[in-house]
Amino acid sequence: MQIRLRLFATYREIVGSRGLTWSARDGITLRELVDGIVAKYPRLADHRGSMLLAVNEAIVSPERVLNDGDEVALLPPVSGGAR
Amino acid sequence: MIDVRRARIDLEAVLDSVRRDDAGAIVLFVGTVRSDEGIRALDYEVYRPMAIKSLTALAEQAKEKFGIAAMSIVHRLGRVPVGGDSVAIACSGGHRAETFAACEWVMDEVKRIVPIWKTDVEGRPKSVRGRR
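Sequence order as written defines the numbering, with residues in each chain counted from 1. Following the order in which they are written, the chains are lettered starting with A and the ligands numbered starting with 1. Totals for whole chains, interfaces and linings use every residue, but because this is a predicted model, local features are given only for residues with pLDDT of at least 70 and side-chain atom pairs only at 80 or more, for both listing and counting.

### Some words on the overall build of chain B
For the record, the criterion: Secondary structure counts use DSSP, requiring at least four H or I residues in a row for a helix and at least two E residues in a row for a strand, with both numbered from the N terminus. Placing C-beta atoms from the backbone, we regard two residues as in contact once those atoms come within 7 Å.
Each helix and strand in chain B was counted, giving four helices and seven strands. For chain B, the spread of C-alpha atoms along the principal axes amounts to about 60 × 25 × 20 Å. A fraction of 80% describes how many contacts in chain B between residues 6 or more apart in sequence connect residues 24 or more apart.

Structure (structure tokens):
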């Protein structure tokens, strides 16, 4: 199945893209998907502890089972607003 | 009014969006880009659909939590120069105490949970920066 991947800020810089399509086996969990992404882009490993994970625009548990066509976003700690 | 936009924030429009006949107070908070050393602008990157959902939920939570009348939040996207407005939060309520409190709470929550990231844009040329 195909997962749409969204990347922001530091993660976008590491991967070199704002978005990718990722092929994954059926029944994969979010945690397993991120394991695969980090394996391909090892510089993400340093950020794993502070990474927030969203599926279809909502923060979810890493144990969430993904479906074909889901949009997964890897979110660095946020820093918006006033300086 | 909830929005994330590239264009300048129309502060008067944000203010007018929360005017209510039963409100005795309006608080308008404006976050601006500060001229820290070497900084000439900030670039704001936003996961827009999630940010809009999150800002909408925060405005609703603020109404319930503080009993205010109306809340508007507008955040910039893209490059904002030093001195420019990056975020505006307007809040109306019956009295000033809860209106100030709601505005401050929402600003803290925006910085904590809304998927918006900022990057410094330095004013020095790259060749100069590389020699430091």
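### Considering the packing of helix α2 (residues 48-66) of chain B against helix α3 (residues 96-113) of chain B
All names here are of chain B. Here is the rule: All axes are obtained by fitting lines to C-alpha atoms, using only the stretch in contact for helices, and the reported angles, taken between N-to-C directions, cover 0 to 180 degrees. Small angles under 35 degrees read as roughly parallel and large ones over 145 as roughly antiparallel, with 65 to 115 read as roughly perpendicular and the rest as oblique. The handedness criterion is simple: a crossing whose near helix is rotated anticlockwise from the far helix by less than a right angle is left-handed, and one whose near helix is rotated clockwise is right-handed.
Here α2 crosses α3 at 150°, and the two axes come no closer than 10 Å. Classified by the angle between their axes, α2 and α3 sit roughly antiparallel to one another. Relative to α3, the crossing made by α2 is right-handed. Mapping the contact onto sequence places Ser-54, Leu-58, Ala-62 and Phe-66 in α2 and Glu-98, Ala-101, Ala-102, Trp-105, Val-106, Glu-109, Val-110 and Ile-113 in α3.

### As for the confidence of the model for chain B
Close reading of the predicted structure is inappropriate where its pLDDT is low. Residues and elements named next belong to chain B. The cut-off we apply is this: Along the chain, pLDDT gives the predictor's confidence residue by residue, from 0 to 100.
Taken residue by residue, chain B gives an average pLDDT of 91. The fraction at 70 or more is 93%. Mean pLDDT values over the elements of chain B span from 36, in helix α4 (residues 126-130), up to 98, in helix α1 (residues 11-16). Counting contacts from residues 125-132, a segment whose pLDDT is below 50, to residues more than four positions away or on other chains yields two contacts. Under the prediction, the complex receives an ipTM of 0.85, its pTM being 0.87.

### Considerations on the interface of chain B and chain A
To keep things clear, this is the line we draw: We call Asp, Glu, Lys and Arg charged. Ala, Val, Leu, Ile, Met, Phe, Trp, Tyr, Cys and Pro are nonpolar, and the rest, Gly among them, are polar.
At the junction of the two partners, chain B supplies 24 residues and chain A supplies 14 residues. At the level of elements, β2 (25-32), β3 (39-46), α2, β6 (85-93), α3 and β7 (116-122) of chain B are the ones that each hand at least two residues to the side of chain B that touches chain A. It is α3 of chain B that provides the largest number of residues to the side of chain B that touches chain A, a total of five residues. A class-by-class count of the residues in the side of chain B that touches chain A yields 14 nonpolar, four polar and six charged.

### Remarks on the confidence of the model for chain A
Per-chain confidence: chain A averages 93 in pLDDT, with 95% of residues scoring 70 or above. Mean pLDDT in chain A bottoms out at strand β4 (residues 58-59) of chain A, which sits at 90, and peaks at strand β1 (residues 2-7) of chain A, which reaches 97.

### Points about the sheet that holds strand β4 (residues 70-76) of chain B
Residue and element names in this part refer to chain B. What counts, and what does not: Should DSSP find at least two bridges between two strands, the strands are regarded as paired.
Spatially, four strands are ordered β1-β4-β6-β2 in an open sheet, and the strand pairing comes out mixed. Strands at the two margins of the open sheet, each flanked by one partner only, are β1 (2-5) and β2. Taken pair by pair, the neighbouring strands of this sheet meet at an average axis angle of 5°, ignoring direction. Sheet analysis places β4 next to β6, joined by six bridges and oriented antiparallel.

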